[in-house]
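Listed here are the chains, written in short residue letters.
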Amino acid sequence: MRMGKGVEWAIHTLLNLDFIGGGPMGSAQLAAAHGLPAAYLNKQLQSLVKAGLLASTPGPRGGFRLARQLGEITLLDVVDAVEGDVNLFHCEEIRCCGAIGELSPPPDGPCPVKVAMRRADEAWRQALAAQTLQDIRLELDRSPETGNVIRAAFG
């Protein structure tokens, strides 16, 4: 399984906004802090707004701000906002296709491969749901330099 870069960008942006007091901050400034393409980051930010993780304020003094506290945002919230709430595995029922499908009686019950993959997907989702951005922030706080660097990047 491979996630797009947008998930990493979104997590760092949410953490950066917390470090600078929650926002508002423009997408160009947020993108420049990590040397990211502003248009692509803005797409991720809009997904976070739609999911209720960020709020957007238009105008010259506007920008993006946190809509929830970091302790209320899980890694699963961010992944679902950016990647969508989809199952990682899609069963095509190939057990019923080709020569094997023609030579076998119709199978009873769900495909065991599908069941196993859904269990794995659910375990992964539960692990993401168990971790908040506040947990990550606490790890970052162990290095006092981190906050100073982030704040300096935003002027």
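Computed from a predicted model, the values in this text were never measured in an experiment.

**Q** Please explain the pairing of strand β1 (residues 54-57) as it appears in this structure.
**A** Each regular strand shows side chains that alternate between the opposite faces of the sheet. For β1 and strand β2 (residues 63-66), the ladder comprises 4 bridges, and the chain directions are antiparallel. Bridge pairing links Thr57 to Gly63 in β2. The turn linking β1 back onto β2 is made up of 5 residues, and Gly59 within it adopts a positive phi angle of 110°.

**Q** Hey, could you run me through helix α4 (residues 75-83) in this one?
**A** In an α-helix, one turn spans 3.6 residues, which is why side chains three or four residues apart end up on the same side. Inspection of α4 places Leu75, Leu76, Val78, Val79, Ala81 and Val82 among the buried residues, and these make up the whole buried set. Looking at the packing, one finds that the buried side of α4 touches α1 (5-19), α3 (38-50), α6 (112-129) and α7 (133-141). Phi turns positive, to about 95°, at Gly84, one or two residues after α4.

**Q** Teacher, can you tell me more about unusual backbone geometry here?
**A** Most of the time, phi is negative for any residue but glycine, and the peptide bond is trans. That bond from Gly23 to Pro24 is cis: its omega, 5°, falls within 30 degrees of zero. Tracing the sequence through the fold places Pro24 in the loop between α1 and α2 (27-34). One non-glycine residue, Glu93, lies in the positive phi region at around 55°. Relative to the assigned elements, Glu93 resides in the loop between α4 and α5 (98-103).

Analysis parameters
Residues numbered from 1 in each chain as written. Predicted model: local features only at pLDDT ≥ 70, side-chain atom pairs only at ≥ 80, totals over all residues. Heavy atoms only, no water. Pairing = 2+ DSSP bridges. Helix = DSSP H or I, 4+ residues; strand = E, 2+ residues; numbered from the N terminus. Buried < 20%, exposed > 50% of the residue type's maximum accessible area, 1.4 Å probe, protein only. Contact = heavy atoms within 4.5 Å.

Shape descriptors only; they carry no functional weight alone.
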